[in-house]
Each structure stands twice: as structure tokens, then as C-alpha cells.
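Structural overview
Now for the letters of each chain:
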Amino acid sequence: MSRLFNQPVSESSGHAAQLYAGIKAAVGLVPNAYVNIGSNSPIALETLLNIDGALKKGTLGAKEGEVVKLVVSQAAECDYCLAAHTLIGKKTGLSKEDVLAIRHGTPSSEARLDALANFTRELISTKGTLSNAAFENIKVAGFSDTQIVEIVLAITSITFTNLFNRINDTVVDFPPAD
């Protein structure tokens, strides 16, 4: 059960209602996390949507973005985001086995995605300047400087939703993650 204020989509008005209409038009429903964020701060929801919209225009790619979001969500142990991004990851072409491997730090079927997962994992779990080895490994895997910056933006986006859902205890409206 949600801990923070939660207003049903049908009772929303103003900025939140406009945002929900756009989400529903794009994906067919308004996920609980978005409803809960928008119920409390339409500006926060708008900012999150703008970040994710910018990422879609970037060079990272949907599958790569989901790898980042799976790694961060696993580290945060956010059941909501793990469920959502397991489903979305599969829609981007990740197999069930690859999703699990990426989440748990074991080799997947794609070395490039493993390099991305390892880079993300090291970036979020260490302090100070990132190691030269981690930086070199992501570059050797073929990621550009632009993509490295977009990885950081993807981490920013998913960190916000992980933290929000952990505070709120958002009701999961996706199939549970494996």
C-alpha cells in the first residue's frame, strides 16, 4: 500500500491530468509509480518524463538503457523497478536469461552488454574517481563518450524512481521480476 498521497487518475486535474493523458496515449495505461509521483509532484513527474524522453533521442539505445536500469534497480532492490524493467527489457530484445544474468552480474549472451552492466555496477557501488580499468573496459566495449554521459543520465532517472518507490512502497502493477 502506498505510503504517500495517491490520487486516482480519474480524480486528477490540472498538470497531473495532462501528464497522465500523455502517458496513457503513449503506453496504454498510467503505471502506479507515475500516478504516485504525479499525485505528489507533477513537476517531478514531468522532469522524469523529460529525462526519459531525452534518453530516447540519444545514442545509447533502448536495450542498453534497460541494462543500466536493471543493474541499478537490482542494486537498490526496488521490487517495483525490477518488475517494470524486467518486462521492458524483454520488450527491447533481452532474453529472460540475459535479464537475470545482467541483474546478477553473471555473463549474458552479449559481451558488450556485460561490459555496460559491469561499468554501471562499478559506477554506482564505488566512491571517488572511477577506476581507469572500468573506464577503459567501457571504451573497449565500443561505448562513446556521448554514450557514457547518457549512461549517467539513465542512472539518474532510475535512481529517482528506485528511491521514490522504496519510500512510497508503490504497489507493483507489472508481473513480478523473476
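See the structure shown above.
The present account deals with the structure reproduced in this document. Please read these numbers as outputs of a predicted model, since none were measured by experiment.

On to the overall build of the protein. For the protein, the count of helices and strands is nine helices and zero strands. Of the regular secondary structure in the protein, the N- to C-terminal order runs α-α-α-α-α-α-α-α-α. Expected size for 178 residues packed as a compact globule is a radius of gyration near 16 Å; at 16 Å, the protein falls within 12% of this value. In terms of principal-axis extent, the alpha carbons of the protein reach across some 50 × 30 × 30 Å. Restricting the contact set of the protein to residue pairs at least 6 apart, pairs at least 24 apart contribute 69%. Counting every atom, the protein has about 9,200 Å² of accessible surface; 57% of that belongs to carbon and sulfur. Charged side chains of the protein number 15 positive and 18 negative; the gap between the two group centres comes to 2 Å.

In this section: the pattern of salt bridges. One pass over the structure, following the stated rule, counts five salt bridges. For the salt bridge of Asp 52 with Lys 69, the shortest nitrogen-to-oxygen distance reads 3.3 Å. Placement of Asp 52 in helix α3 (residues 42-57) and of Lys 69 in helix α4 (residues 62-76) is noted, with a sequence separation of 17 residues between them. Take Asp 52 and Lys 69: they sit in the same class, and that class is buried. Residue Glu 110 is joined to Lys 63 by a salt bridge in which the shortest nitrogen-to-oxygen separation is 3.2 Å. Of this pair, Glu 110 sits in the loop between α6 (96-104) and α7 (111-125) while Lys 63 sits in helix α4, and the two are 47 residues apart along the sequence. Looking at Glu 110, the relative accessible area reads 29%, which means it is partly exposed. Residue classification places Lys 63 among the partly exposed positions, given a relative accessible area of 21%.

As a further point, take unusual backbone geometry. Trans peptide bonds make up most of the peptide bonds, and negative phi angles are found at most residues other than glycine. A positive phi angle, close to 55 degrees, is found at Glu 77, a residue other than glycine. Looking at where Glu 77 falls in the secondary structure, it is placed in the loop between α4 and α5 (79-91). Residue classification places Glu 77 among the exposed positions, given a relative accessible area of 64%. In this model, Asp 169 sits at a positive phi of 55 degrees, which is unusual for a non-glycine residue. Tracing the sequence through the fold places Asp 169 in the segment after α9 (145-168). Accessibility expressed as a relative area gives 36% for Asp 169, which makes it partly exposed.

Analysis parameters
Residues numbered from 1 in each chain as written. Predicted model: local features only at pLDDT ≥ 70, side-chain atom pairs only at ≥ 80, totals over all residues. Heavy atoms only, no water. Helix = DSSP H or I, 4+ residues; strand = E, 2+ residues; numbered from the N terminus. Rg over C-alpha atoms; globule rule 2.2 N^0.38 Å. Contact = heavy atoms within 4.5 Å. Areas by Shrake-Rupley, 256 points an atom, 1.4 Å probe, with all protein chains shown as cover. Lys, Arg positive; Asp, Glu negative; His and termini not counted. Charge placed at Lys NZ, Arg CZ, Asp CG, Glu CD. Salt bridge = Lys/Arg side-chain N within 4 Å of Asp/Glu carboxyl O. Buried < 20%, exposed > 50% of the residue type's maximum accessible area, 1.4 Å probe, protein only.

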